[in-house]
Amino acid sequence: MKELICIVCPRGCHLKVDEEREFAVTGNACARGQEYGRMELQNPVRVLTSIVEIKGAQGRCCPVKTDKPIPKKEIFRAMEALRGLTLQAPVMTGDVVYRDICGTGASWRATKDMS
């Protein structure tokens with residue numbers, strides 16, 4: 001039995017996930033908590049945020065975020081993909097700055113207009 005705190009909504013339900021009973025989840029107040037509990041043990045994923053150097057803009061760094069969750073085991077490789085990457089202004093919110101992170105199909109996207 002694993003114990004988790006659900007991060008899907010602000011309630012922070014204390015979940016118990018029974019791996020021996022097909023990942024049965026208890027302690028959740030909603031269906032999203034049940035889904036989270038199962039996924040967290042079977043295939044944990046995360047949305048990542050970071051920054052990338054940018055030239056020709058007022059700021060020195062452009063905030064970026066993955067456009068969908070990626071497997072937790074790929075976090076370090078996903079961050080490494082940004083190392084040495086330099087953007088050139090202008091960059092608009094939603095622009096793809098790096099495609100297909102670690103073969104996941106997810107992309108790094110700008111989260112701020114930078115000019």
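Note: the structure precedes this text.
### Quick look at the overall build of the protein
Then, in step 1: Helix and strand content of the protein: two helices and 10 strands.
Then, in step 2: The secondary structure elements of the protein, listed N-terminal to C-terminal, are β-β-β-α-β-β-β-β-α-β-β-β.
Then, in step 3: In terms of C-alpha radius of gyration, the protein reaches 18 Å, well past the compact-globule figure of 13 Å for 115 residues.
Then, in step 4: Across its three principal directions, the C-alpha atoms of the protein cover 55 × 25 × 15 Å.
Then, in step 5: Across the 115 residues of the protein, 32% fall into the buried class.
Then, in step 6: As displayed, the protein offers around 7,500 Å² of accessible surface, 49% of which is attributable to carbon and sulfur atoms.

### Examining the layout of surface pockets
Then, in step 1: In this model, the largest pocket occupies a volume close to 160 Å³.
Then, in step 2: Lining of the largest pocket is provided by I7, V8, Y36, M39, E40, P44, V45, R46, V47 and P69.
Then, in step 3: Mapped onto the lining of the largest pocket, the elements with two or more residues apiece are α1 (31-42) and β4 (45-46).
Then, in step 4: For the lining of the largest pocket, the leading source of residues is α1, giving three residues.
Then, in step 5: Grouping the constituent residues of the lining of the largest pocket by class yields eight nonpolar, no polar and two charged.

### Overview of the sheet that holds strand β3 (residues 24-26)
Then, in step 1: What the three strands build is an open sheet, ordered β1-β2-β3; its pairing is antiparallel. Lying at the two open borders of the sheet, with one neighbouring strand each, are β1 (2-5) and β3. Averaged over all neighbouring strand pairs, the angle between strand axes comes to 25 degrees, with direction disregarded.
Then, in step 2: By the bridge criterion, four bridges tie β1 to strand β2 (residues 14-18) in an arrangement that is antiparallel. Looking across to β2, one finds that L4 is bridged to L15.
Then, in step 3: Lying over the sheet, α1 contacts β1, β2 and β3, oriented at roughly 55 degrees with respect to β2.

Reading the values: rules and limits
- Residues numbered from 1 in each chain as written.
- Predicted model: local features only at pLDDT ≥ 70, side-chain atom pairs only at ≥ 80, totals over all residues.
- Heavy atoms only, no water.
- Helix = DSSP H or I, 4+ residues; strand = E, 2+ residues; numbered from the N terminus.
- Rg over C-alpha atoms; globule rule 2.2 N^0.38 Å.
- Buried < 20%, exposed > 50% of the residue type's maximum accessible area, 1.4 Å probe, protein only.
- Areas by Shrake-Rupley, 256 points an atom, 1.4 Å probe, with all protein chains shown as cover.
- 1 Å grid on protein atoms, 1.4 Å probe; cavity = no way out; pocket = protein on both sides within 12 Å on 5 of 7 lines; lining within 4 Å.
- Points joined across faces, edges and corners; volume = space filled by probe spheres on them.
- Nonpolar A, V, L, I, M, F, W, Y, C, P; charged D, E, K, R; others polar.
- Pairing = 2+ DSSP bridges.
- Axes fitted to C-alpha atoms, helices over the stretch in contact; angles between N-to-C directions.
- Contact = heavy atoms within 4.5 Å.

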